[in-house]
Amino acid sequence: MRTKYTEIELDALRELANIGSGTAATALSGMLGIPIDVTVPTAAAMPLADAIDATGPAEACVTGVAVALAGQFAGTALMLFPDDDVATLCGLLGLEPDSEYAASALGEVVNIVCASYLGALGDMTGLEFDIGPPQQVVDMLGAIVGSILAMNAGASDTALMLDSALIIEGQACSLSFLLIPAADGVDELLTQLGLG
């Protein structure tokens with residue numbers, strides 16, 4: 001399994017991320033009835049250990065939402081929100097972060113963002129995805145990632161990492177989106193884009 005990619009291959013992955021983020025922004029704007037922008041300052045394919053390190057210190061408390069993927073492209077999509085940004089996002093949605101509705105609302109935001117990114121991947125590659133229900137947990141980053149890795153034994157050592165910012169009514173909320181494919185999944189994406 002390779003973990004190094006050419007600049008042309010990385011550009012193709014960034015383009016997938018940009019198209020997905022635009023779709024996500026449109027879908028979230030429609031749901032909430034307010035203007036939303038989603039930027040992707042970083043999009044990279046990297047060794048899983050490096051991607052985990054890039055999301056923050058292992059002891060940082062975060063909200064993680066994992067979505068299992070099956071079909072022609074198997075793996076896990078993992079979204080990570082720092083605590084401060086969960087509070088900001090809930091506030092923009094008119095919810096208290098500790099309320100019973102906050103988890104449901106956050107899960108719906110994740111569903112929309114995840115479906116948008118994966119829909120863009122599917123449209124550009126012809127691959128079909130089956131998306132499982134979101135599983136949400138609040139814990140230290142290291143514990144969440146350890147659980148995800150245990151669930152994905154035999155997965156690729158490469159993750160597609162999209163560091164994104166949701167900008168809702170001028171306020172930014174950061175999130176990290178990790179796509180952890182089954183073995184050789186990133187290469188499969190590139191092959192479908194004519195770069196394999």
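Structure's up top.
A brief look at the structure comes next. (Residues numbered from 1 in each chain as written. Predicted model: local features only at pLDDT ≥ 70, side-chain atom pairs only at ≥ 80, totals over all residues. Heavy atoms only, no water.)

1. Things to note about the overall build of the protein
In plain terms, the rule: Going along the chain from the N terminus, every DSSP run of H or I of four or more residues is numbered as a helix, and every run of E of two or more is numbered as a strand. Each radius of gyration reported is based on C-alpha atoms, and the globular scaling rule is 2.2 Å times the count of residues to the power 0.38. Note on exposure labels: buried denotes an accessible area under 20% of the residue type's maximum, exposed denotes more than 50%, and partly exposed covers the range between, all computed with a 1.4 Å probe on protein chains only. Here, Shrake-Rupley sampling with a 1.4 Å probe gives the accessible areas, and only protein chains in the shown set may cover a residue.
Within the protein, the secondary structure is distributed over 6 helices and 7 strands. Traced from its N-terminal end to its C-terminal end, the protein shows the element sequence α-β-α-β-β-α-α-β-β-α-β-β-α. Scaling as 2.2 N^0.38, a compact globule of 196 residues should have a C-alpha radius of gyration of about 16 Å, and the protein matches this with 16 Å. Across its three principal axes, the protein shows a C-alpha extent of roughly 45 × 35 × 30 Å. Of all 196 residues assigned to the protein, the portion counted as buried reaches 45%. Working note: accessible area of the protein is about 8700 Å², and carbon and sulfur atoms make up 54% of it.

2. Things to note about the environment of Leu195
To be explicit about the condition: When checking whether two residues touch, look at their non-hydrogen atoms; a contact exists if any pair is within 4.5 Å.
Within the secondary structure layout, Leu195 lies in the segment after helix H6 (185-192). Under the relative-accessibility criterion, Leu195 is labelled partly exposed at 28%. Linking Leu195 and Ser99, residues 96 residues apart in sequence, is a C-alpha distance of 46 Å. Not counting chain neighbours up to four residues away, the residues in contact with Leu195 comprise Ile8, Glu9, Ala12 and Leu190.

3. Structural notes on helix H2 (residues 48-55)
This is how the line gets drawn: As used here, the arc belongs to the directions running from the helix axis to the C-beta atoms.
Of all the residues in H2, the buried ones are Leu48, Ala51, Ile52 and Thr55. Looking straight down H2, one finds that the buried residues subtend no more than 100° of arc, so they occupy a single side. Positioned one or two residues after H2, Gly56 has a phi angle of 140°, which is positive.

4. Considering the nonpolar core
What counts here: Here, the term nonpolar core denotes a set of buried Ala, Val, Leu, Ile, Met, Phe, Trp, Tyr and Cys residues that are joined through side-chain atoms within 4.5 Å.
Leu13, Phe81, Leu89, Leu162, Leu166, Phe177 and Leu179 are the most contacted members of the largest nonpolar core, which totals 47 residues. At 10 residues, the largest contribution of residues to this core is made by helix H4 (residues 100-125). Once residues within four sequence positions are removed from consideration, Leu89 is found in contact with Phe81, Leu106, Val109, Leu166, Ile168 and Cys173. Counting 17 residues, the second-largest nonpolar core is a separate cluster that includes Ile52, Val62, Leu80 and Leu141.

5. Re the packing of helix H1 (residues 7-32) against H4
Applied cut-off: An axis is simply a line fitted to the C-alpha atoms; with a helix, the fit covers only the stretch in contact. Between two such axes, the angle follows the N-to-C directions and lies from 0 to 180 degrees. Working definition: roughly parallel below 35 degrees, roughly antiparallel above 145 degrees, roughly perpendicular at 65 to 115 degrees, and oblique for all remaining angles. Handedness of a crossing is defined here by the sense of rotation of the near helix relative to the far one, left-handed for an anticlockwise turn of less than a right angle and right-handed for a clockwise turn. When residues are sorted by character, Ala, Val, Leu, Ile, Met, Phe, Trp, Tyr, Cys and Pro go into the nonpolar class, Asp, Glu, Lys and Arg into the charged class, and all the rest, Gly among them, into the polar class.
Running from N to C, H1 and H4 point in directions that differ by 140°, and their axes come no closer than 8 Å. Classified by the angle between their axes, H1 and H4 sit oblique to one another. For the pair H1 and H4, the crossing hand works out as right-handed. Along the contact surface, H1 presents Glu15, Leu16, Ala17, Ile19, Gly20, Ser21, Thr23, Ala24, Ala27, Leu28 and Met31, while H4 presents Glu108, Val109, Ile112, Val113, Ser116, Tyr117, Ala120, Leu121 and Met124. Among the residues making up the contact of H1 with H4, the classes are represented as 14 nonpolar, 4 polar and 2 charged.

6. Side note on the side chain of Thr125
How we decide: Polar contacts, as counted here, are pairs of nitrogen or oxygen atoms within 3.5 Å of one another; within protein the pair requires one atom able to donate a hydrogen and one able to accept it, and residues that are adjacent in sequence qualify only if both atoms are side-chain atoms.
Within the secondary structure, Thr125 sits in helix H4. Taking the relative accessible area as the measure of exposure, Thr125 reaches 7% and is therefore buried. A distance of 3.2 Å separates a polar side-chain atom of Thr125 from the backbone nitrogen of Leu127. With near-sequence residues (within four places) excluded, Thr125 lies in contact with Leu189, Gln192 and Leu193.

7. Description of helix H3 (residues 83-92)
Turning to H3, its buried residues number three or more, namely Asp85, Val86, Leu89 and Cys90. In a view along the axis of H3, the buried residues occupy a sector of 135°, so they form one face of it. In this structure, the buried residues of H3 make contact with strand E2 (61-71), strand E3 (75-82), H4, strand E6 (158-168) and strand E7 (171-181). Positive backbone phi, at 75°, marks Gly94, one or two positions downstream of H3.

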